[in-house]
Amino acid sequence: MAEIIDGRAVARELDQQTQEIVQSLVAEGHAPPGLAVVLVGNDPASEIYVGHKTKACERLGLASFEHRLAETTSEGALLALIGELNDRDEVDGILVQVPLPDHIDEARVLEAIDPAKDVDGFHPVNVGRVSAGTGGIRPCTPAGVVMLIKSVERDIAGLDAVVIGRSNIVGKPVATLLLAEGCTVTVTHSKTRDLAAKCARADILVAAVGKPELVRGDWVKPGAIVIDVGINRTQGGEGKGRLLGDVAFDEVQHARAVTPVPGGVGPMTIAMLLHNTAQAARTFASGGEGGMTQDQ
Ligand SMILES: Nc1nc2c(c(=O)[nH]1)N[C@@H](CN(C=O)c1ccc(C(=O)N[C@@H](CCC(=O)O)C(=O)O)cc1)CN2
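Residues numbered from 1 in each chain as written. Predicted model: local features only at pLDDT ≥ 70, side-chain atom pairs only at ≥ 80, totals over all residues.

Go over the site of the ligand with me, naming the residues and quoting the values.
Near the ligand there are 17 residues, and of these Y49, V98, P262, G266 and T269 occur at the shortest range. Of all the secondary-structure elements, those providing two or more residues to the shell around the ligand are β4 (93–96), α6 (140–152) and α9 (265–285). In terms of residue count, the dominant contributor to the shell around the ligand is α9 (four residues). Partitioned by chemical class, the residues of the shell around the ligand number 11 nonpolar, five polar and one charged. (Near = placed C-beta within 6 Å. Helix = DSSP H or I, 4+ residues; strand = E, 2+ residues; numbered from the N terminus. Nonpolar A, V, L, I, M, F, W, Y, C, P; charged D, E, K, R; others polar.)

So what's going on with the pairing of strand β2 (residues 34–40)? Residues and values would help.
Summarising burial for β2: seven of the seven residues are buried, a large majority. Bridge count for β2 against strand β3 (residues 63–69) is seven bridges, and the pairing is parallel. In the strand pairing of β3, L35 is matched with S64. Regarding the hand of the β-α-β motif, the stretch spanning β2, helix α2 (residues 44–60) and β3 is right-handed. Examined bridge by bridge, β2 and β4 share four bridges and lie parallel to one another. Along β4, the bridge assignment pairs L35 with G93. (Buried ≥ 20, exposed ≤ 12 C-beta atoms within 10 Å, placed from the backbone. Pairing = 2+ DSSP bridges. Right-handed = clockwise from strand over helix to strand, strands pointing away.)

Can you tell me about the environment of V22, naming the residues and giving the values?
One can find V22 in helix α1 (residues 7–27). For the pair V22 and P124, spaced 102 residues apart in the sequence, the C-alpha separation amounts to 27 Å. Beyond its immediate chain neighbours, meaning those up to four positions away, V22 contacts P32, P33, L60, G61, L62 and A278. (Contact = placed C-beta atoms within 7 Å.)

An account of the confidence of the model for the protein chain is needed here, citing residue identities and associated values.
On average, residues of the protein chain score 96 in pLDDT, and 96% of them are at 70 or above. Predicted confidence is poor over residues 291–296, with pLDDT under 50, and the contacts of this stretch with residues over four places away or in other chains come to 15 contacts. Here the complex is predicted with pTM 0.96, and the ipTM for its interfaces comes to 0.97. (pLDDT = per-residue confidence, 0-100.)

So, the UniProt feature "binding site: NADP(+)" (unreviewed entry) in the protein chain: which residues are in play, and what are the values?
Following the UniProt record, the feature "binding site: NADP(+)" (unreviewed entry) maps to G165, R166, S167 and I231 here. Following the sequence through the fold, G165 ends up in the loop between β5 (160–164) and α7 (171–180). Once residues lying within four places of it in the same chain are set aside, the contact partners of G165 are V170, G171, H189, A208 and V209. In this structure S167 comes out as partly exposed when scored by C-beta crowding, with 15 C-beta atoms within 10 Å. (UniProt positions renumbered as here; feature names shortened; annotations may be inferred.)

Describe the nonpolar core, with residues and values.
Within the largest apolar cluster, 87 residues are counted, with the highest numbers of intra-cluster contacts made by I204, L205, V206, A207 and V226. At 11 residues, α9 tops the list of elements feeding residues into this core. No fewer than three residues from each of domain 1 (23–113) and domain 2 (140–266) sit in this core. With sequence-adjacent residues up to four places away left out, I204 is seen in contact with I149, I156, L159, A161, L178, C183, A224 and I225. (Core = buried A, V, L, I, M, F, W, Y, C linked by C-beta atoms within 7 Å. Domains from an automatic or database assignment.)

Residue-level account of the sheet that holds strand β1 (residues 3–4), with values.
Taken in spatial order, the six strands line up as β1-β11-β8-β7-β5-β6 in an open sheet, and their pairing is parallel. Two strands close off the open sheet at either side, each with one partner strand: β1 and β6 (184–188). Where β5 and strand β7 (residues 204–207) come together, four bridges link them in parallel fashion. From the neighbouring strand, V163 faces β7, where its bridge partner is V206. Across the sheet, α7 touches β5, β6 and β7, and the angle it forms with β6 is around 170 degrees. (Axes fitted to C-alpha atoms, helices over the stretch in contact; angles between N-to-C directions.)

Right under this line is the structure:
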C-alpha cells in the first residue's frame, strides 16, 4: 500500500513555524503581520477559500483585512484599491483571489501589487527571481507541493519528475521549483504525445490538469511519489457532489506515496500563504524590501 501523504499534518507543522515568526515579531514590539484579501464577485468556491484564509489568520495571530467587491467592480476601482493597500504599512501581504471576472485583466491586476507584498508569488518580479534562483516569493501551491514531496524524500536531486499541466499558477512554477531541487523535469500538456508512457517513467509525478482521475494505475511507476493537485467537483444528486483528484487514487497503491483529495495539497496552499505573509512582515521589520527570501 502506498503511504498517504497527510497534507493537513504537514500544513500544521508549517503553521507552527508561522506562529513562531508572528510571536517573535510581536515580542519585538512590531504589529502582527497583516494580510489583505481581495475578492471580486460571488464565485462560491472563491468565497469559501477567502473565508478559510481569514479564519487561518485569526488562528495564527495575523491581522486580516478582507475586501469583498461586487462582480461589477471596474478594473480601475480594483487597481485603485491595490494602490492603497500597497501604501498601507499595516499590510504586509496582498492577495487577489483568482479567477477574476472576465471584464478584468488579471495580469494587469497582479502586476499592480507591490512585489514585496505579493504573498501569492504571482508577480513577474517574483516569478523571475524564483526562476533565476535569486530569492523572490514562492507561489503557495507549488511551494506546498515541494514541501509534501520532501516530507517523503528529503533529497530529490537527480530524480525524474513529470508535471502534467502548464498553468502559470501551478504547472510552470512546480517545474521551476523541482528544477531548483535538482530534478530532471518534463512538463506535459494537452499536446503531449504518449502522456501515459512519459508519466510511467517518473520518480515524481505531479498532476495539475483539472481532469478527474486522468492518471490511471498503469501511468504510475512502482515506488513513485504521486502528488495530486486536482480538485474536481462531481455532480451528485441532492447536492451530494464529491471531490475527485486528477489521479485514480485506488489504482496507484503501488506508488511509494500519494496525496489524497481532499486533505493533500489543498491545505498546504493556505498554510504557505500565511507563512509567506509572516516572512514578508519579518523582512519589512528588518528594514528590507519585504518577503524576498524563503527558507523552508
Ligand atoms: N490568489 C489566489 N487564488 C487562487 C489560489 C491561490 O493560491 N491564490 N488557489 C486556488 C484556490 N485556493 C486558494 O485560494 C485553494 C484551493 C483549495 C484549498 C483546499 O484546502 N482544498 C481542500 C478541499 C476544499 C473543498 O472542499 O473545496 C483540500 O484539497 O483538502 C485551499 C485553497 C485558486 N485561486
